[in-house]
Amino acid sequence: TLESFAVLGLRISAYTFTNIFAWRRPYNTKISTLDGFIIVSYNINGTRTLLEPLGDGNKADVIKKCHILSEDLSASFKCISHDIAESIPKDHHLKASLDRDNSDYLYNANDLIELPGRKYDAKRNFINRLRSNFTYEYIEITPKNVMQCHEFAQQWCEDRSCDTSEGLARERCAVYEMLTHFEQLGICGGAISIAGRIVAFSLGEALNPQTLVVHVEKADTAVEGIYQLINNEFCIHAAQDFEFVNREQDLGIPGLRKAKESYHPVKIVKTYSI
């Protein structure tokens, strides 16, 4: 249940109930239990991948058992935390390796709110130019206006021919699920409106009491500085009570990695594959 995930003390974004739920169709997700642990399994293009077992106890033993129980001994694990990767024995055909592409970016919340110092000069300049050229409104997303974000997300995908890209098509499905079940999932969101039209929105939630995780950020790139603005405004309105902001992974996409690094993370939350 949603409540079960809320008490796990999560540090890695992949383990939020929202992510597991929203990506269940594109990832063919299955959930089962083993030795009192929750086991989340993906099947993407015929390849079975499992997340770290969720629960209290010896996770390394459960990972070994899952490996033995897999029909062809090829089941792999991803988004494994550092502590669990270190606990994996060096025998039993198991090998843990750093998965940089699926490691999370962690930032000081105050940095993303204030954009202080010279290292954020470029971000502030983008935002200031937008403010000088446009009058905009920041809108908190609610069940009453979430359909406007649906419409923007649909147009965003049409402009990029999402259906012709496997990755974008999967993301489109996940974003649809988050927006459709916005209230039930308990996530928060904010949007930028210019002349009565949504031009950007962001969705997030508490990853743990200290950390806000940002799941989705979409913007109209025809409006210069809009990504910098929605990032800043969403943090101003949603991250005030948090110490950190987790902006999830870069998936090994060079442009996305460059963008995430440009905000100067205080830590890369390392994840591993086994």
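Each value, and the rule that gives it
- Residues numbered from 1 in each chain as written.
- Predicted model: local features only at pLDDT ≥ 70, side-chain atom pairs only at ≥ 80, totals over all residues.
- Heavy atoms only, no water.
- Buried < 20%, exposed > 50% of the residue type's maximum accessible area, 1.4 Å probe, protein only.
- Helix = DSSP H or I, 4+ residues; strand = E, 2+ residues; numbered from the N terminus.
- Pairing = 2+ DSSP bridges.
- Contact = heavy atoms within 4.5 Å.
- Patch = residues over 30% accessible without salt bridge, like charges linked within 9 Å, V, L, I, M, F, W, Y side chains within 5 Å.
- Areas by Shrake-Rupley, 256 points an atom, 1.4 Å probe, with all protein chains shown as cover.
- Salt bridge = Lys/Arg side-chain N within 4 Å of Asp/Glu carboxyl O.
- Disulfide = S-S within 2.5 Å.
- Core = buried A, V, L, I, M, F, W, Y, C linked by side-chain atoms within 4.5 Å.
- Axes fitted to C-alpha atoms, helices over the stretch in contact; angles between N-to-C directions.
- Parallel < 35°, antiparallel > 145°, perpendicular 65-115°, else oblique.
- Nonpolar A, V, L, I, M, F, W, Y, C, P; charged D, E, K, R; others polar.
- Expected span 1.5 Å × (residues − 1).

Draft legend 1. The arrangement of the pairing of strand S9 (residues 197-208) in detail. With 10 of its 12 residues buried, S9 lies for the most part within the structure. In this sheet, S9 lies alongside strand S8 (residues 188-194) in antiparallel orientation, the contact comprising 7 bridges. Each residue of the ladder has a partner; that of Ser193, found in S9, is Ile198. What sits between the antiparallel neighbours S8 and S9 is a turn of 2 residues, in which Ala195 has the positive phi angle 55°.

Draft legend 2. Quick peek at the side chain of Arg170. By secondary structure assignment, the location of Arg170 is in helix H8 (residues 166-180). Among all residues touching Arg170, those that are not within four sequence positions of it are Trp23, Pro26, Tyr27, Ile44 and Asn45.

Draft legend 3. Region of interest: a nonpolar patch on the surface. Where nonpolar side chains cluster on the molecular surface, the patch consists of Leu251, Ile253 and Leu256 and spans about 250 Å² of accessible area. Note on placement: Leu256 falls in helix H11 (residues 254-261). The partly exposed category is assigned to Leu256, whose relative accessible area is 31%.

Draft legend 4. Up close: the pairing of strand S1 (residues 30-34). Two strands pair when backbone bridges link them, and S1 and strand S2 (residues 37-44) are joined in this way by 5 bridges, in the antiparallel orientation. Bridging from a neighbouring strand, Thr33 pairs with Ile38 of S2. Between S1 and S2, which pair antiparallel and follow one another directly, the connecting turn spans 2 residues, one of which, Asp35, has a positive phi of 55°.

Draft legend 5. Region of the structure containing the state of the cysteines. Inspection of the entire model under this criterion finds 0 disulfides. In this structure Cys149 is a free cysteine whose sulfur lies 12 Å from that of Cys188, the closest cysteine sulfur available. In this structure Cys149 comes out as buried when scored by relative accessible area, which is 2%.

Draft legend 6. Molecular detail of the nonpolar core. Tyr15, Ile141, Leu179, Phe201 and Leu203 are the most contacted members of the largest nonpolar core, which has 39 residues in total. Discounting residues that sit within four places of it in the chain, Ile141 has contacts with Val146, Cys149, Phe182, Gly189, Gly190, Ala191, Phe201, Ser202 and Leu203.

Draft legend 7. Structural detail: the environment of Leu112. The residue Leu112 is located in helix H5 (residues 109-114) in this model. Spatially, the C-alpha atoms of Leu112 and Pro265 are 9.9 Å apart, while their sequence positions differ by 153 residues. Once residues lying within four places of it in the same chain are set aside, the contact partners of Leu112 are Tyr107, Asn231, Asn232, Cys235, Val245, Arg247 and Tyr263.

Draft legend 8. Just the pattern of salt bridges, in detail. In total, this model carries 16 salt bridges according to the counting rule given. In this structure, Arg172 engages Asp163 in a salt bridge whose closest nitrogen and oxygen atoms are separated by 3.0 Å. Among the residues examined, Arg172 registers a relative accessible area of 22% and is labelled partly exposed. Salt bridges sharing partners connect three or more residues here, namely Arg100, Asp101, Asp250, Arg257 and Glu261.

Draft legend 9. Structural view of the environment of Leu51. Counting through the fold element by element, Leu51 comes out in the loop between strand S3 (47-50) and helix H3 (59-69). Assessed through its relative accessible area of 1%, Leu51 is described here as buried. In this structure the C-alpha to C-alpha distance between Leu51 and Ser81, which are 30 residues apart in sequence, comes to 10.0 Å. Ignoring anything within four residues of it in the chain, the contact list for Leu51 reads Ala14, Tyr15, Ile20, Val40, Tyr42, Phe77, Lys78, Cys79 and Ile80.

Draft legend 10. Structural detail: the packing of helix H7 (residues 146-159) against H8. Where H7 meets H8, the closest approach of the two axes is 10 Å, and the angle between their N-to-C directions is 175°. What the angle tells us is that H7 and H8 run roughly antiparallel. Residues Val146, Cys149, His150, Ala153, Gln154, Trp156 and Cys157 of H7 form the contact with H8, whose own contacting residues are Leu168, Glu171, Arg172, Val175, Tyr176, Leu179 and Thr180. Of the residues belonging to the contact of H7 with H8, the class tally is 9 nonpolar, 3 polar and 2 charged.

Draft legend 11. Up close: helix H10 (residues 226-238). Between its terminal C-alpha atoms H10 stretches 18 Å, which fits the 18 Å expected from 13 residues at 1.5 Å a residue. Of all 13 residues in H10, 10 are buried; the element is thus mostly enclosed. Inspection of H10 places Ile226, Gln228, Leu229, Ile230, Asn231, Asn232, Glu233, Phe234, Cys235 and Ala238 among the buried residues, and these make up the whole buried set.

Draft legend 12. Region of interest: the sheet that holds strand S7 (residues 136-140). Within the open sheet, the 7 strands sit side by side as S7-S8-S9-S10-S11-S6-S12. Their pairing is mixed. Of all strands in the sheet, those with a lone pairing partner are S7 and strand S12 (267-269), marking the two edges. Here the average twist between neighbouring strands, direction ignored, is 30°. Pairing of strand S6 (residues 104-108) with S12 involves 3 bridges; the strand directions are antiparallel.

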